[in-house]
Amino acid sequence: MKRVFIIALLLGAGCATTQEEHERNAAAFRTSLQEETRAYFATNDAPLTLCQAVELARTRSLKLTQQELETQLSRINRLSTFSAFLPNVGAVYGRGVSHGDATVLPYLNARDQRLFGGDGALFFTQPVFTPVSWIMFAECGYGVRIKDLVRDRARELLDAQVAGCFYRAAVAERMVQTYRLRLDGGHALTNQISRLATEGYALPADLARAEARLANDELGLLEAEHARDKARHDLCEILKFWPFAEFDLDGDSILSLPRLERKSVEEYAWDALLRRKDLLAGDEAVELRKAQVVEALAGFLPNIVLGGAGNHLSIEQIAMKGWAGGLIGVWSVFEGFRTIQSYRAARATREAEFRLREDRMLAVVVSVADAWRNWQETGDRARAAHKALRAARLDYEESERRRQDGEETMNSVLDKLAAKDAAEVRAVSTDYAAALAEVVMRQAVGLPVLGDVAQSKKTEPWEFGGD
């Protein structure tokens, strides 16, 4: 019966997860995430700003977990390699019994008896000259600095990703507000044209155009709401919040970031070559490859270790004690050309790392040039959009006045109104696109995405309306 129970237990341990267990896990996940989300927004009832979103992403996002773990492991590996500089101390003790004849020693003559004996030893070794271990310790130092720089670069990329999601959510929210205002005005205009058409002062085509404009705005509102929900879900995924939570965004916070200094593309490219964390990590990688060449050369050198041991051996009433110590040198004379081939491979890897660093630097220069052009174009596009919006508003107001005086048809007024609506949408999207372009430019150069937070509180919101 006991065997049957053990076999059933072993078989049950390998069974698949049941549906009930899966439902419990899913319910626990949902409840935990909902509680964390409610707890945060219960104590932070103000609209979520871009700075707060970035800080939350750095502390809550799972996207930096791998880099953080690799950084910790690199530090642990460096500490473990430091053990090569410390002495190794060990102890051995054993006791046993033998049955038979013991006639080796003249004063111990035992036949067909049990003999009890014990053996104990204490030994230590201290590396004196182990060049490979020294160089490996230095290599681990390069590895720690590389992982730190890679983690910092991952944080910059995460900041830019959060800014992108925040930008899409803010633009979609502004578009929702814009379409709702347009729908309010569209309903009033449609009702007005309907009354005029009933009285014979407007054409049926004018009413049809007004109704078509209203239907188009309703579709635009639906698409804007879906875009807003999608952007908020992506943002919640990064922040590790429940995607369907209701909270407000401070969309203007992305417009209040400190402005970048106006410099030429070559100046920004030079700044990127000096600032980018991934390029600094590439420099450390080159130094690491150089150290690996030296490590391969160290394979031709001897290793010297200081060692000592004390021993105690006893058989029945007989005991023997002693100790020994000295220097041990090991020098590899021939290992089938393995050391030579390792040296050649290390040199080839070092040369390849030099080439990779040059390729990375050239790619950074090109990416900065692309970001700089986009930054310039989006700024000019935003200024042009605001000028076009002012012109469209004035044109519509003038047409409306002329219509009231009987000098303009309703069809012409509706054309001007459609142009004004399109200009409003374009102005909203270009404002945020210009702000996002600066964020992308900062990321390309290696500057903090948010700039100086203290300075950003004193910076006026972006104004593209002026020349």
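Quick caveat, the model's predicted, so the values are computed rather than measured.

The rules we used
Residues numbered from 1 in each chain as written. Predicted model: local features only at pLDDT ≥ 70, side-chain atom pairs only at ≥ 80, totals over all residues. Heavy atoms only, no water. pLDDT = per-residue confidence, 0-100. Helix = DSSP H or I, 4+ residues; strand = E, 2+ residues; numbered from the N terminus. Contact = heavy atoms within 4.5 Å. Salt bridge = Lys/Arg side-chain N within 4 Å of Asp/Glu carboxyl O. Buried < 20%, exposed > 50% of the residue type's maximum accessible area, 1.4 Å probe, protein only. Expected span 1.5 Å × (residues − 1). Core = buried A, V, L, I, M, F, W, Y, C linked by side-chain atoms within 4.5 Å.

What to know about the confidence of the model for the chain
(1) Moving on: Overall, the prediction assigns the chain a mean pLDDT of 79, with 84% of residues at 70 or greater.
(2) Moving on: Mean pLDDT in the chain bottoms out at helix α11 (residues 453-456), which sits at 40, and peaks at helix α7 (residues 265-275), which reaches 92.
(3) Moving on: With pLDDT under 50 throughout, residues 453-467 is counted as low confidence; its partners more than four residues away or in other chains account for 27 contacts.

Points about the pattern of salt bridges
Pairs can form between side chains of opposite charge whenever their charged atoms are close.
(1) Moving on: By the definition in use, this model includes 29 salt bridges.
(2) Moving on: Asp 152 serves as the salt-bridge partner of Arg 151, at 3.5 Å between the closest nitrogen and oxygen.
(3) Moving on: Residue classification places Asp 152 among the partly exposed positions, given a relative accessible area of 21%.
(4) Moving on: Here Asp 395 makes a salt bridge to Lys 416, at a shortest N to O gap of 3.4 Å. With a gap of 21 residues between them, Asp 395 in helix α9 (residues 338-404) and Lys 416 in helix α10 (residues 410-445) connect regions that are remote in the sequence.

Examining α10
(1) Moving on: Taking 1.5 Å per residue as the helical rise, α10 with its 36 residues ought to reach 52 Å, and the 52 Å between its terminal C-alpha atoms agrees with that figure.
(2) Moving on: For α10, the buried fraction is high: 26 of the 36 residues fall into the buried class.
(3) Moving on: Residue Gly 446 follows α10 closely and has a positive phi angle near 100°.

A short note on the nonpolar core
(1) Moving on: By size, the foremost hydrophobic cluster in this structure holds 46 residues, and its most contacted members are Leu 48, Leu 50, Val 162, Leu 239, Ile 254 and Tyr 432.
(2) Moving on: Counting residues per element, the ones that place at least two in this core are α2 (19-43), α3 (50-60), α5 (131-199), α6 (204-239) and α10.
(3) Moving on: Ranked by the residues each element gives to this core, the list is headed by α5, at 14 residues.
(4) Moving on: Residues contacting Leu 50, with those up to four places away along its chain left out, are Ala 163, Phe 166, Ser 253, Ile 254, Leu 257 and Leu 450.
(5) Moving on: Ranked by size, the runner-up nonpolar core spans 13 residues in total, among them Leu 279, Val 364, Ala 444 and Val 445.

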